[in-house]
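Fold and contact review
Here is how the chains run, residue by residue.
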Amino acid sequence: MAEIRFSQRRCAMQKVTLGILAHVDSGKTTLSEGLLYASGALRKLGRVDHGDAFLDTDALERERGITIFSKQAMLFAGDKEFTLLDTPGHVDFSAEMERTLSVLDYAVLVISGSDGVQSHTRTLWQLLRRYQIPTIVFVNKMDRDGKDPFDLLDEIEEELQIKVRPLSWPIDMGQRFRGVYNIFEQKLNLYTPSKQYVTENVEFKDINSPELENYIDAGQAEKLRSDIELIEGVYPEFDVDTYLKGDIAPVFFGSALNNFGVKELLDCFINIAPSPRPVSAVERVVDPEEDAFSGFVFKIHANMDPNHRSCIAFVKICSGRFERNANYKHVRFGKMMRFSSPTAFMAQKKEVVDEAFAGDIIGLPDTGNFKIGDTLTSGEELHFKGLPSFSPEMFKYIENADPMKAKQLNKGIEQLMDEGVAQLFTNQFNGRKIIGTVGQLQFEVIQYRLLHEYGAQCKWEPISLYKACWIESDNAAALENFKRRKAQYMALDKEGRDVYLADSSYVLMMAQQDFPDIKFHFTSEF
(Lines give C-alpha, C1' and ligand atoms only; values in the text may rest on other atoms or scores of the structure.)
Protein backbone atom coordinates (compact mmCIF):
# COMPACT_ATOMS: atom_id res chain seq x y z
CA MET A 1 0.00 0.00 0.00
CA ALA A 2 1.33 3.46 -0.89
CA GLU A 3 2.26 5.67 2.04
CA ILE A 4 1.14 9.29 2.19
CA ARG A 5 1.92 12.52 3.92
CA PHE A 6 -1.26 14.43 4.65
CA SER A 7 0.14 17.93 5.05
CA GLN A 8 -1.45 20.77 7.00
CA ARG A 9 -3.69 22.95 4.86
CA ARG A 10 -2.56 26.55 4.47
CA CYS A 11 -5.26 29.19 4.18
CA ALA A 12 -3.04 31.78 2.48
CA MET A 13 -2.36 29.55 -0.53
CA GLN A 14 -4.11 29.80 -3.86
CA LYS A 15 -6.46 26.85 -4.37
CA VAL A 16 -6.57 25.28 -7.81
CA THR A 17 -8.52 22.20 -8.96
CA LEU A 18 -6.75 20.02 -11.54
CA GLY A 19 -8.40 17.05 -13.26
CA ILE A 20 -6.65 14.13 -14.97
CA LEU A 21 -8.60 12.63 -17.89
CA ALA A 22 -7.91 9.93 -20.47
CA HIS A 23 -9.24 7.09 -22.56
CA VAL A 24 -9.17 3.92 -20.48
CA ASP A 25 -5.71 2.30 -20.08
CA SER A 26 -3.77 5.40 -21.15
CA GLY A 27 -2.06 5.69 -17.75
CA LYS A 28 -4.24 8.34 -16.13
CA THR A 29 -4.19 7.01 -12.56
CA THR A 30 -0.47 6.23 -12.85
CA LEU A 31 0.17 9.85 -13.86
CA SER A 32 -1.97 11.10 -10.96
CA GLU A 33 0.13 9.03 -8.54
CA GLY A 34 3.29 10.35 -10.19
CA LEU A 35 2.19 13.96 -9.69
CA LEU A 36 1.46 13.29 -6.01
CA TYR A 37 4.85 11.62 -5.64
CA ALA A 38 6.69 14.43 -7.44
CA SER A 39 5.09 17.00 -5.12
CA GLY A 40 6.00 15.05 -1.98
CA ALA A 41 2.40 14.15 -1.12
CA LEU A 42 3.24 10.45 -1.56
CA ARG A 43 6.32 8.72 -0.19
CA LYS A 44 5.84 5.54 -2.18
CA LEU A 45 4.33 4.88 -5.59
CA GLY A 46 1.61 2.28 -6.01
CA ARG A 47 0.70 0.57 -9.28
CA VAL A 48 -2.68 -0.11 -10.84
CA ASP A 49 -1.58 -3.51 -12.14
CA HIS A 50 -0.32 -4.49 -8.69
CA GLY A 51 -3.61 -3.52 -7.04
CA ASP A 52 -1.98 -1.02 -4.67
CA ALA A 53 -2.58 2.31 -6.42
CA PHE A 54 -3.17 4.97 -3.78
CA LEU A 55 -6.12 6.52 -5.62
CA ASP A 56 -7.90 3.26 -6.50
CA THR A 57 -9.37 2.72 -3.04
CA ASP A 58 -12.41 0.64 -3.90
CA ALA A 59 -12.11 -3.17 -3.90
CA LEU A 60 -13.86 -3.43 -7.26
CA GLU A 61 -11.45 -0.90 -8.79
CA ARG A 62 -8.48 -2.93 -7.59
CA GLU A 63 -10.03 -6.13 -8.83
CA ARG A 64 -10.72 -4.78 -12.33
CA GLY A 65 -7.75 -2.41 -12.59
CA ILE A 66 -9.90 0.55 -13.69
CA THR A 67 -11.08 3.76 -12.06
CA ILE A 68 -14.82 3.68 -11.34
CA PHE A 69 -15.22 6.62 -8.96
CA SER A 70 -13.52 10.01 -9.19
CA LYS A 71 -11.00 10.48 -6.36
CA GLN A 72 -9.44 13.56 -4.91
CA ALA A 73 -6.09 14.22 -3.30
CA MET A 74 -4.22 17.34 -2.25
CA LEU A 75 -0.73 18.41 -3.14
CA PHE A 76 1.24 21.52 -2.30
CA ALA A 77 3.60 23.11 -4.80
CA GLY A 78 5.00 26.60 -4.82
CA ASP A 79 2.43 29.03 -3.46
CA LYS A 80 -0.49 26.88 -4.58
CA GLU A 81 -2.55 24.08 -3.12
CA PHE A 82 -3.90 21.74 -5.78
CA THR A 83 -6.91 19.52 -5.46
CA LEU A 84 -6.12 16.69 -7.85
CA LEU A 85 -9.12 14.81 -9.26
CA ASP A 86 -8.54 11.43 -10.90
CA THR A 87 -11.54 10.63 -13.11
CA PRO A 88 -12.91 7.38 -14.58
CA GLY A 89 -11.58 6.65 -18.06
CA HIS A 90 -14.07 3.98 -19.14
CA VAL A 91 -16.87 5.30 -21.34
CA ASP A 92 -19.51 3.52 -19.18
CA PHE A 93 -18.66 5.91 -16.34
CA SER A 94 -18.90 9.10 -18.38
CA ALA A 95 -21.53 10.53 -16.03
CA GLU A 96 -19.12 10.45 -13.08
CA MET A 97 -16.37 11.94 -15.21
CA GLU A 98 -18.47 14.78 -16.61
CA ARG A 99 -19.77 15.82 -13.20
CA THR A 100 -16.13 16.19 -12.17
CA LEU A 101 -15.48 18.44 -15.17
CA SER A 102 -17.96 20.95 -13.76
CA VAL A 103 -15.56 21.79 -10.89
CA LEU A 104 -12.22 21.84 -12.70
CA ASP A 105 -10.07 24.92 -13.13
CA TYR A 106 -7.54 23.12 -15.33
CA ALA A 107 -7.04 19.67 -16.84
CA VAL A 108 -4.39 17.26 -18.09
CA LEU A 109 -5.45 15.00 -20.95
CA VAL A 110 -3.38 11.82 -21.10
CA ILE A 111 -2.79 10.23 -24.52
CA SER A 112 -0.99 6.93 -25.02
CA GLY A 113 2.03 7.32 -27.30
CA SER A 114 1.37 3.90 -28.81
CA ASP A 115 -2.39 4.38 -29.37
CA GLY A 116 -2.66 8.10 -30.12
CA VAL A 117 -6.04 9.83 -30.11
CA GLN A 118 -8.79 7.29 -29.39
CA SER A 119 -12.58 7.47 -29.54
CA HIS A 120 -13.11 8.49 -25.92
CA THR A 121 -10.23 10.98 -26.19
CA ARG A 122 -12.30 12.91 -28.75
CA THR A 123 -15.33 12.87 -26.45
CA LEU A 124 -13.26 14.13 -23.52
CA TRP A 125 -11.80 16.95 -25.61
CA GLN A 126 -15.25 18.06 -26.76
CA LEU A 127 -16.34 18.22 -23.11
CA LEU A 128 -13.22 20.14 -22.11
CA ARG A 129 -14.00 22.67 -24.85
CA ARG A 130 -17.63 22.89 -23.75
CA TYR A 131 -16.57 23.67 -20.18
CA GLN A 132 -13.77 25.97 -21.46
CA ILE A 133 -11.10 24.29 -19.33
CA PRO A 134 -7.44 25.11 -20.20
CA THR A 135 -5.76 21.77 -20.89
CA ILE A 136 -2.25 20.33 -21.03
CA VAL A 137 -1.65 17.14 -23.05
CA PHE A 138 0.67 14.48 -21.61
CA VAL A 139 1.82 11.88 -24.15
CA ASN A 140 2.46 8.78 -22.04
CA LYS A 141 4.22 5.43 -22.47
CA MET A 142 7.27 6.74 -24.31
CA ASP A 143 9.19 3.80 -22.83
CA ARG A 144 7.28 1.67 -25.34
CA ASP A 145 7.54 1.69 -29.11
CA GLY A 146 4.82 3.86 -30.57
CA LYS A 147 3.98 6.56 -33.06
CA ASP A 148 6.47 9.18 -34.18
CA PRO A 149 6.14 12.27 -31.91
CA PHE A 150 5.60 14.63 -34.87
CA ASP A 151 2.91 12.29 -36.23
CA LEU A 152 1.27 12.35 -32.79
CA LEU A 153 1.27 16.15 -32.73
CA ASP A 154 -0.29 16.24 -36.21
CA GLU A 155 -2.90 13.70 -35.09
CA ILE A 156 -3.78 15.74 -31.99
CA GLU A 157 -4.16 18.93 -34.02
CA GLU A 158 -6.24 17.25 -36.71
CA GLU A 159 -8.44 15.05 -34.51
CA LEU A 160 -8.99 17.54 -31.68
CA GLN A 161 -8.90 20.74 -33.74
CA ILE A 162 -6.50 22.52 -31.39
CA LYS A 163 -3.10 24.13 -31.91
CA VAL A 164 -0.34 22.44 -29.92
CA ARG A 165 3.03 23.56 -28.57
CA PRO A 166 5.53 20.92 -27.34
CA LEU A 167 7.18 22.00 -24.08
CA SER A 168 9.22 18.82 -23.71
CA TRP A 169 10.55 16.45 -26.36
CA PRO A 170 11.43 12.75 -26.23
CA ILE A 171 14.85 11.42 -27.12
CA ASP A 172 13.85 8.28 -29.01
CA MET A 173 11.30 5.78 -27.61
CA GLY A 174 10.85 2.17 -26.53
CA GLN A 175 14.04 0.36 -25.57
CA ARG A 176 16.05 3.23 -27.11
CA PHE A 177 14.27 5.87 -24.99
CA ARG A 178 17.01 8.03 -23.44
CA GLY A 179 15.05 10.83 -21.83
CA VAL A 180 13.30 14.13 -22.59
CA TYR A 181 14.54 17.59 -23.35
CA ASN A 182 12.62 20.11 -21.26
CA ILE A 183 12.04 22.90 -23.79
CA PHE A 184 10.21 25.04 -21.22
CA GLU A 185 13.19 25.12 -18.83
CA GLN A 186 15.96 24.19 -21.33
CA LYS A 187 17.07 21.16 -19.36
CA LEU A 188 17.98 17.63 -20.38
CA ASN A 189 16.46 14.85 -18.25
CA LEU A 190 18.08 11.47 -18.75
CA TYR A 191 16.18 8.24 -18.30
CA THR A 192 17.35 4.92 -16.87
CA PRO A 193 14.94 2.02 -17.56
CA SER A 194 13.20 0.30 -14.63
CA LYS A 195 14.12 3.12 -12.24
CA GLN A 196 11.44 5.29 -10.66
CA TYR A 197 13.49 8.45 -10.57
CA VAL A 198 15.36 10.75 -12.93
CA THR A 199 19.01 9.78 -12.63
CA GLU A 200 20.43 12.92 -14.20
CA ASN A 201 19.08 16.43 -14.76
CA VAL A 202 21.43 18.51 -16.90
CA GLU A 203 20.85 22.18 -17.74
CA PHE A 204 21.40 22.83 -21.45
CA LYS A 205 20.85 26.38 -22.64
CA ASP A 206 22.42 25.45 -25.95
CA ILE A 207 21.83 21.92 -27.21
CA ASN A 208 24.22 22.66 -30.09
CA SER A 209 27.06 22.38 -27.58
CA PRO A 210 29.35 19.38 -28.25
CA GLU A 211 28.92 18.44 -24.59
CA LEU A 212 25.50 16.97 -25.49
CA GLU A 213 27.28 13.91 -26.90
CA ASN A 214 28.67 13.24 -23.42
CA TYR A 215 25.14 12.29 -22.32
CA ILE A 216 23.47 10.77 -25.38
CA ASP A 217 24.94 9.14 -28.47
CA ALA A 218 25.82 11.20 -31.52
CA GLY A 219 22.86 10.02 -33.61
CA GLN A 220 20.34 10.86 -30.90
CA ALA A 221 22.01 14.22 -30.26
CA GLU A 222 21.83 15.18 -33.93
CA LYS A 223 18.18 14.14 -34.19
CA LEU A 224 17.30 16.08 -31.02
CA ARG A 225 18.92 19.23 -32.44
CA SER A 226 17.07 18.94 -35.75
CA ASP A 227 13.76 18.17 -33.97
CA ILE A 228 14.05 21.20 -31.69
CA GLU A 229 14.97 23.42 -34.65
CA LEU A 230 11.87 22.18 -36.48
CA ILE A 231 9.68 22.73 -33.40
CA GLU A 232 10.89 26.31 -32.96
CA GLY A 233 10.29 27.01 -36.65
CA VAL A 234 6.88 25.35 -37.08
CA TYR A 235 4.99 25.65 -33.79
CA PRO A 236 3.90 28.97 -32.28
CA GLU A 237 5.81 30.34 -29.31
CA PHE A 238 4.13 29.34 -26.06
CA ASP A 239 2.02 32.11 -24.55
CA VAL A 240 0.33 31.67 -21.17
CA ASP A 241 -2.67 33.87 -22.03
CA THR A 242 -3.32 31.87 -25.19
CA TYR A 243 -3.25 28.68 -23.11
CA LEU A 244 -5.63 30.11 -20.51
CA LYS A 245 -8.07 31.08 -23.27
CA GLY A 246 -8.01 27.46 -24.48
CA ASP A 247 -6.55 28.36 -27.89
CA ILE A 248 -3.42 26.22 -27.52
CA ALA A 249 -2.53 22.99 -25.73
CA PRO A 250 0.99 22.58 -24.30
CA VAL A 251 2.31 19.03 -24.84
CA PHE A 252 4.65 17.03 -22.61
CA PHE A 253 6.14 13.58 -23.21
CA GLY A 254 7.12 10.94 -20.66
CA SER A 255 6.50 7.61 -18.98
CA ALA A 256 4.14 7.82 -16.01
CA LEU A 257 4.81 4.20 -15.01
CA ASN A 258 8.48 5.05 -14.55
CA ASN A 259 7.65 8.48 -13.11
CA PHE A 260 9.59 10.09 -15.94
CA GLY A 261 8.63 13.43 -17.48
CA VAL A 262 6.06 13.91 -14.69
CA LYS A 263 7.94 16.49 -12.62
CA GLU A 264 8.52 18.60 -15.73
CA LEU A 265 4.76 18.66 -16.27
CA LEU A 266 4.12 19.60 -12.63
CA ASP A 267 6.78 22.34 -12.53
CA CYS A 268 5.43 23.94 -15.70
CA PHE A 269 1.84 23.76 -14.49
CA ILE A 270 2.78 25.51 -11.24
CA ASN A 271 4.16 28.40 -13.30
CA ILE A 272 1.26 28.80 -15.72
CA ALA A 273 -1.80 28.07 -13.52
CA PRO A 274 -3.10 31.16 -11.72
CA SER A 275 -5.85 31.26 -9.08
CA PRO A 276 -9.27 29.54 -9.39
CA ARG A 277 -11.44 30.64 -12.29
CA PRO A 278 -14.80 32.46 -11.95
CA VAL A 279 -17.91 30.25 -11.94
CA SER A 280 -21.14 31.06 -13.80
CA ALA A 281 -24.41 31.00 -11.88
CA VAL A 282 -27.84 31.56 -13.43
CA GLU A 283 -28.03 34.95 -11.74
CA ARG A 284 -24.46 36.18 -12.34
CA VAL A 285 -20.76 35.24 -12.58
CA VAL A 286 -19.25 34.48 -9.17
CA ASP A 287 -15.65 35.61 -8.65
CA PRO A 288 -13.50 33.50 -6.31
CA GLU A 289 -12.14 36.67 -4.68
CA GLU A 290 -15.58 37.64 -3.31
CA ASP A 291 -15.93 37.67 0.48
CA ALA A 292 -19.35 35.98 0.60
CA PHE A 293 -19.32 32.18 0.65
CA SER A 294 -20.92 30.18 -2.15
CA GLY A 295 -20.54 26.61 -3.39
CA PHE A 296 -22.42 23.75 -5.02
CA VAL A 297 -22.76 19.99 -4.64
CA PHE A 298 -21.25 18.17 -7.63
CA LYS A 299 -21.03 14.65 -6.26
CA ILE A 300 -22.65 12.42 -3.63
CA HIS A 301 -21.01 9.18 -2.52
CA ALA A 302 -22.47 6.60 -0.15
CA ASN A 303 -20.49 4.30 2.14
CA MET A 304 -17.07 5.87 1.69
CA ASP A 305 -16.31 4.67 5.21
CA PRO A 306 -17.42 1.02 5.56
CA ASN A 307 -17.56 1.46 9.33
CA HIS A 308 -20.19 4.18 9.23
CA ARG A 309 -22.17 3.63 6.00
CA SER A 310 -22.86 7.35 5.65
CA CYS A 311 -23.27 9.55 2.58
CA ILE A 312 -20.92 12.42 1.76
CA ALA A 313 -21.90 15.39 -0.40
CA PHE A 314 -18.88 16.93 -2.13
CA VAL A 315 -19.01 20.71 -2.43
CA LYS A 316 -16.85 22.90 -4.67
CA ILE A 317 -16.32 26.27 -2.97
CA CYS A 318 -16.74 28.98 -5.59
CA SER A 319 -16.14 32.09 -3.45
CA GLY A 320 -15.43 33.28 0.05
CA ARG A 321 -14.64 31.28 3.14
CA PHE A 322 -16.47 28.28 4.58
CA GLU A 323 -16.38 27.94 8.38
CA ARG A 324 -17.21 24.90 10.44
CA ASN A 325 -20.43 25.26 12.50
CA ALA A 326 -21.42 28.48 10.71
CA ASN A 327 -24.92 28.80 9.22
CA TYR A 328 -25.31 28.63 5.44
CA LYS A 329 -28.34 28.80 3.22
CA HIS A 330 -29.47 25.65 1.42
CA VAL A 331 -30.98 27.47 -1.55
CA ARG A 332 -33.31 24.69 -2.80
CA PHE A 333 -34.79 24.22 0.70
CA GLY A 334 -34.68 27.94 1.52
CA LYS A 335 -33.39 27.24 5.03
CA MET A 336 -30.19 27.70 7.00
CA MET A 337 -28.01 24.72 7.86
CA ARG A 338 -24.75 24.26 9.71
CA PHE A 339 -22.15 21.54 9.48
CA SER A 340 -20.10 20.29 12.43
CA SER A 341 -17.75 17.95 10.57
CA PRO A 342 -16.75 19.20 7.10
CA THR A 343 -13.93 17.04 5.78
CA ALA A 344 -11.03 17.27 3.35
CA PHE A 345 -10.09 14.08 1.50
CA MET A 346 -6.82 12.52 0.44
CA ALA A 347 -8.19 9.52 -1.49
CA GLN A 348 -9.67 7.37 1.33
CA LYS A 349 -8.02 9.31 4.16
CA LYS A 350 -9.94 12.26 5.54
CA GLU A 351 -9.71 14.92 8.23
CA VAL A 352 -12.16 17.42 9.68
CA VAL A 353 -11.35 21.00 8.68
CA ASP A 354 -12.31 24.21 10.49
CA GLU A 355 -12.34 26.35 7.38
CA ALA A 356 -12.02 26.12 3.61
CA PHE A 357 -11.63 28.65 0.82
CA ALA A 358 -12.52 29.34 -2.80
CA GLY A 359 -11.13 26.56 -4.97
CA ASP A 360 -11.33 23.95 -2.20
CA ILE A 361 -13.47 20.81 -2.34
CA ILE A 362 -14.92 19.63 0.97
CA GLY A 363 -17.17 16.77 2.00
CA LEU A 364 -20.32 17.39 4.05
CA PRO A 365 -22.27 14.63 5.84
CA ASP A 366 -25.51 14.00 3.95
CA THR A 367 -28.59 12.50 5.59
CA GLY A 368 -30.74 12.97 2.52
CA ASN A 369 -30.66 16.79 2.39
CA PHE A 370 -28.65 17.15 -0.79
CA LYS A 371 -29.07 16.50 -4.48
CA ILE A 372 -26.39 16.94 -7.12
CA GLY A 373 -26.50 20.61 -8.17
CA ASP A 374 -27.67 22.02 -4.82
CA THR A 375 -26.26 25.41 -3.86
CA LEU A 376 -25.01 26.64 -0.46
CA THR A 377 -24.44 30.36 0.14
CA SER A 378 -24.02 32.91 2.92
CA GLY A 379 -27.58 34.01 2.15
CA GLU A 380 -27.73 34.97 -1.53
CA GLU A 381 -30.09 33.22 -3.94
CA LEU A 382 -27.71 31.61 -6.41
CA HIS A 383 -28.16 28.64 -8.73
CA PHE A 384 -25.00 27.31 -10.33
CA LYS A 385 -25.44 25.99 -13.83
CA GLY A 386 -23.61 23.59 -16.06
CA LEU A 387 -24.01 20.38 -14.06
CA PRO A 388 -24.77 17.65 -16.58
CA SER A 389 -27.72 15.30 -16.66
CA PHE A 390 -27.76 12.15 -18.74
CA SER A 391 -30.10 10.19 -20.94
CA PRO A 392 -29.89 6.45 -20.17
CA GLU A 393 -28.76 4.24 -23.03
CA MET A 394 -29.47 0.81 -21.50
CA PHE A 395 -32.37 -0.44 -19.38
CA LYS A 396 -33.04 -3.48 -17.19
CA TYR A 397 -35.64 -4.56 -14.67
CA ILE A 398 -34.14 -4.87 -11.18
CA GLU A 399 -35.58 -7.64 -8.99
CA ASN A 400 -34.95 -8.68 -5.41
CA ALA A 401 -33.07 -12.00 -5.28
CA ASP A 402 -33.49 -12.34 -1.49
CA PRO A 403 -36.98 -11.56 -0.11
CA MET A 404 -35.55 -11.30 3.40
CA LYS A 405 -33.43 -8.29 2.38
CA ALA A 406 -36.09 -6.12 0.71
CA LYS A 407 -35.45 -3.20 3.08
CA GLN A 408 -31.70 -3.26 2.44
CA LEU A 409 -32.27 -3.47 -1.31
CA ASN A 410 -34.60 -0.47 -1.34
CA LYS A 411 -32.21 1.59 0.77
CA GLY A 412 -29.30 0.65 -1.48
CA ILE A 413 -31.15 1.53 -4.67
CA GLU A 414 -32.25 4.87 -3.21
CA GLN A 415 -28.74 5.89 -2.12
CA LEU A 416 -27.02 4.73 -5.29
CA MET A 417 -29.54 6.62 -7.42
CA ASP A 418 -28.83 9.74 -5.32
CA GLU A 419 -25.19 9.40 -6.37
CA GLY A 420 -26.26 9.67 -10.01
CA VAL A 421 -24.69 6.33 -11.01
CA ALA A 422 -27.93 5.44 -12.81
CA GLN A 423 -31.59 6.43 -12.97
CA LEU A 424 -34.58 4.68 -11.45
CA PHE A 425 -37.97 4.45 -13.16
CA THR A 426 -41.08 2.81 -11.74
CA ASN A 427 -43.34 1.41 -14.44
CA GLN A 428 -46.89 2.66 -13.80
CA PHE A 429 -48.42 -0.26 -15.69
CA ASN A 430 -46.93 -3.15 -13.71
CA GLY A 431 -45.18 -1.41 -10.77
CA ARG A 432 -41.77 -2.90 -11.63
CA LYS A 433 -38.57 -0.97 -11.10
CA ILE A 434 -36.33 -0.22 -14.09
CA ILE A 435 -32.72 0.94 -13.91
CA GLY A 436 -31.35 3.05 -16.77
CA THR A 437 -27.60 3.44 -17.26
CA VAL A 438 -25.09 4.77 -19.77
CA GLY A 439 -23.26 1.42 -20.10
CA GLN A 440 -23.27 -2.27 -19.20
CA LEU A 441 -20.51 -1.98 -16.56
CA GLN A 442 -22.75 0.20 -14.42
CA PHE A 443 -25.17 -2.70 -13.93
CA GLU A 444 -22.29 -4.83 -12.67
CA VAL A 445 -21.11 -2.08 -10.31
CA ILE A 446 -24.63 -1.58 -8.92
CA GLN A 447 -25.05 -5.32 -8.32
CA TYR A 448 -21.63 -5.53 -6.64
CA ARG A 449 -22.24 -2.52 -4.39
CA LEU A 450 -25.72 -3.66 -3.37
CA LEU A 451 -24.25 -6.97 -2.23
CA HIS A 452 -21.08 -5.72 -0.54
CA GLU A 453 -22.32 -2.42 0.89
CA TYR A 454 -25.94 -3.23 1.75
CA GLY A 455 -26.01 -7.02 1.99
CA ALA A 456 -28.74 -7.14 -0.66
CA GLN A 457 -28.84 -9.38 -3.71
CA CYS A 458 -30.44 -8.28 -6.94
CA LYS A 459 -30.96 -9.86 -10.32
CA TRP A 460 -31.49 -8.25 -13.69
CA GLU A 461 -34.15 -9.03 -16.26
CA PRO A 462 -34.05 -7.75 -19.84
CA ILE A 463 -36.35 -5.09 -21.20
CA SER A 464 -36.27 -3.66 -24.72
CA LEU A 465 -36.40 0.12 -24.54
CA TYR A 466 -34.97 2.84 -26.76
CA LYS A 467 -35.19 6.11 -24.86
CA ALA A 468 -36.47 7.67 -21.64
CA CYS A 469 -38.41 10.90 -22.29
CA TRP A 470 -39.51 13.28 -19.57
CA ILE A 471 -42.82 14.76 -20.71
CA GLU A 472 -44.76 17.91 -19.92
CA SER A 473 -47.49 20.00 -21.51
CA ASP A 474 -49.41 23.21 -20.95
CA ASN A 475 -52.49 21.29 -22.15
CA ALA A 476 -53.56 19.16 -19.18
CA ALA A 477 -56.14 17.22 -21.23
CA ALA A 478 -53.57 16.38 -23.93
CA LEU A 479 -51.12 15.22 -21.27
CA GLU A 480 -53.69 12.92 -19.65
CA ASN A 481 -54.72 11.56 -23.04
CA PHE A 482 -51.08 10.77 -23.88
CA LYS A 483 -50.52 9.03 -20.55
CA ARG A 484 -53.70 6.97 -21.04
CA ARG A 485 -52.79 5.98 -24.60
CA LYS A 486 -49.21 5.10 -23.63
CA ALA A 487 -50.05 3.60 -20.21
CA GLN A 488 -47.95 0.49 -20.76
CA TYR A 489 -44.85 2.63 -21.32
CA MET A 490 -45.40 5.30 -18.66
CA ALA A 491 -43.19 5.47 -15.59
CA LEU A 492 -42.29 7.81 -12.75
CA ASP A 493 -38.72 8.83 -12.00
CA LYS A 494 -37.26 9.16 -8.49
CA GLU A 495 -38.73 12.66 -8.17
CA GLY A 496 -42.23 11.51 -9.20
CA ARG A 497 -42.09 13.09 -12.67
CA ASP A 498 -43.75 11.53 -15.71
CA VAL A 499 -41.40 9.60 -18.02
CA TYR A 500 -42.32 7.98 -21.32
CA LEU A 501 -40.23 4.87 -22.05
CA ALA A 502 -40.22 4.59 -25.83
CA ASP A 503 -39.38 1.12 -27.14
CA SER A 504 -38.04 2.23 -30.55
CA SER A 505 -36.96 5.32 -32.45
CA TYR A 506 -39.89 4.91 -34.83
CA VAL A 507 -42.45 4.75 -32.02
CA LEU A 508 -40.92 7.86 -30.44
CA MET A 509 -40.99 9.75 -33.73
CA MET A 510 -44.67 8.85 -34.24
CA ALA A 511 -45.52 9.91 -30.67
CA GLN A 512 -43.92 13.30 -31.29
CA GLN A 513 -45.93 13.70 -34.49
CA ASP A 514 -49.25 12.48 -33.05
CA PHE A 515 -49.05 14.56 -29.86
CA PRO A 516 -47.77 18.02 -30.84
CA ASP A 517 -48.84 19.53 -27.49
CA ILE A 518 -46.48 17.26 -25.56
CA LYS A 519 -42.91 18.37 -24.91
CA PHE A 520 -40.38 15.54 -24.89
CA HIS A 521 -37.15 16.02 -22.90
CA PHE A 522 -34.30 13.53 -23.10
CA THR A 523 -32.61 14.44 -19.80
CA SER A 524 -34.09 14.93 -16.34
CA GLU A 525 -32.99 18.58 -16.17
CA PHE A 526 -35.18 20.81 -18.32
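To be clear, the structure that these remarks concern was listed above.
Let us look at the structure shown here.

Cut-off values and rules
- Residues numbered from 1 in each chain as written.
- Predicted model: local features only at pLDDT ≥ 70, side-chain atom pairs only at ≥ 80, totals over all residues.
- Heavy atoms only, no water.
- Helix = DSSP H or I, 4+ residues; strand = E, 2+ residues; numbered from the N terminus.
- Rg over C-alpha atoms; globule rule 2.2 N^0.38 Å.
- Buried < 20%, exposed > 50% of the residue type's maximum accessible area, 1.4 Å probe, protein only.
- Contact = heavy atoms within 4.5 Å.
- Areas by Shrake-Rupley, 256 points an atom, 1.4 Å probe, with all protein chains shown as cover.
- Lys, Arg positive; Asp, Glu negative; His and termini not counted.
- Charge placed at Lys NZ, Arg CZ, Asp CG, Glu CD.
- Salt bridge = Lys/Arg side-chain N within 4 Å of Asp/Glu carboxyl O.
- Phe/Tyr/Trp six-rings, centres within 6.5 Å; stacked < 30°, edge-to-face > 60°.
- Lys NZ or Arg CZ within 6 Å of the ring centre and 35° of its normal.
- Pairing = 2+ DSSP bridges.
- Expected span 1.5 Å × (residues − 1).

1. Side note on the overall build of the protein
For the protein, the count of helices and strands is 12 helices and 31 strands. Taken over C-alpha atoms, the radius of gyration comes to 25 Å for the protein, in line with the 24 Å a tight globule of 526 residues would show. Each principal axis of the C-alpha distribution contributes one length, and for the protein these read about 85 × 55 × 45 Å. Within the protein, buried positions represent 56% of all 526 residues. Counting only contacts in the protein whose residues sit at least 6 apart along the sequence, the fraction spanning at least 24 positions is 71%. Of the roughly 22,300 Å² of accessible surface on the protein, 46% is carried by carbon and sulfur atoms. Of note, the protein has its 61 positive side-chain charges centred 6 Å away from the centre of its 78 negative side-chain charges.

2. Comments concerning the pattern of salt bridges
Throughout the structure, instances matching the rule amount to 34 salt bridges. Of the charged contacts in the structure, one is a salt bridge between Arg-284 and Glu-290, with a shortest N-O distance of 2.8 Å. The class of Arg-284 is partly exposed, set by a relative accessible area of 29%. One salt bridge in this structure joins Glu-461 and Arg-432, with 2.7 Å as the shortest N-O distance. Separated by 29 residues along the polypeptide, Glu-461 in strand 27 (residues 458-462) and Arg-432 in the loop between strand 25 (423-427) and strand 26 (433-437) bring together distant segments of the chain. A relative accessible area of 30% places Glu-461 in the partly exposed class. Overall, Arg-432 belongs to the partly exposed group, its relative accessible area being 24%. Shared partners join several salt bridges into a network, and the residues in it are Lys-15, Glu-81 and Asp-360.

3. Let's talk about the packing of aromatic side chains
Throughout the structure, instances matching the rule amount to 21 aromatic pairs. With 6.0 Å between their ring centres and 25° between their planes, Phe-339 and Phe-370 make a pair best called stacked. One end of the pair, Phe-339, is in the loop between strand 18 (335-338) and strand 19 (343-346); the other, Phe-370, is in the loop between strand 22 (361-366) and strand 23 (375-377), with 31 residues separating them in the sequence. Classification of Phe-370 by relative accessible area gives buried; the value is 4%. These aromatic residues form a ring-pair network of at least three members: Phe-293, Phe-322, Tyr-328, Phe-339 and Phe-370. Just above the ring of Phe-314 sits the side chain of Lys-299; from NZ or CZ to the centre is 5.1 Å. Positioned above the aromatic ring of Phe-443, the side-chain terminus of Lys-396 is 4.8 Å from the ring centre.

4. Structural notes on the pairing of strand 3 (residues 80-86)
For strand 3, the buried fraction is high: 7 of the 7 residues fall into the buried class. Side chains Lys-80, Phe-82, Leu-84 and Asp-86 project from strand 3 onto one buried face, and the interleaved Glu-81, Thr-83 and Leu-85 project onto a second face that is buried too. Two strands pair when backbone bridges link them, and strand 2 (residues 71-77) and strand 3 are joined in this way by 7 bridges, in the antiparallel orientation. Bridge assignment links Leu-75 to a residue of strand 3, and that residue is Phe-82.

5. Section: helix 10 (residues 440-454)
For helix 10, built from 15 residues, the straight-helix expectation of 21 Å at 1.5 Å per residue is met to within 8% by its first-to-last C-alpha distance of 21 Å. Within helix 10, the full set of buried residues consists of Leu-441, Gln-442, Phe-443, Val-445, Ile-446, Arg-449, Leu-450, Glu-453 and Tyr-454. Buried residues in helix 10 make contact with helix 2 (59-64), strand 14 (294-302), strand 24 (394-400), helix 9 (406-419), strand 26 and strand 27. Positive phi appears at Gly-455, one or two residues downstream of helix 10, with a value of about 70°.

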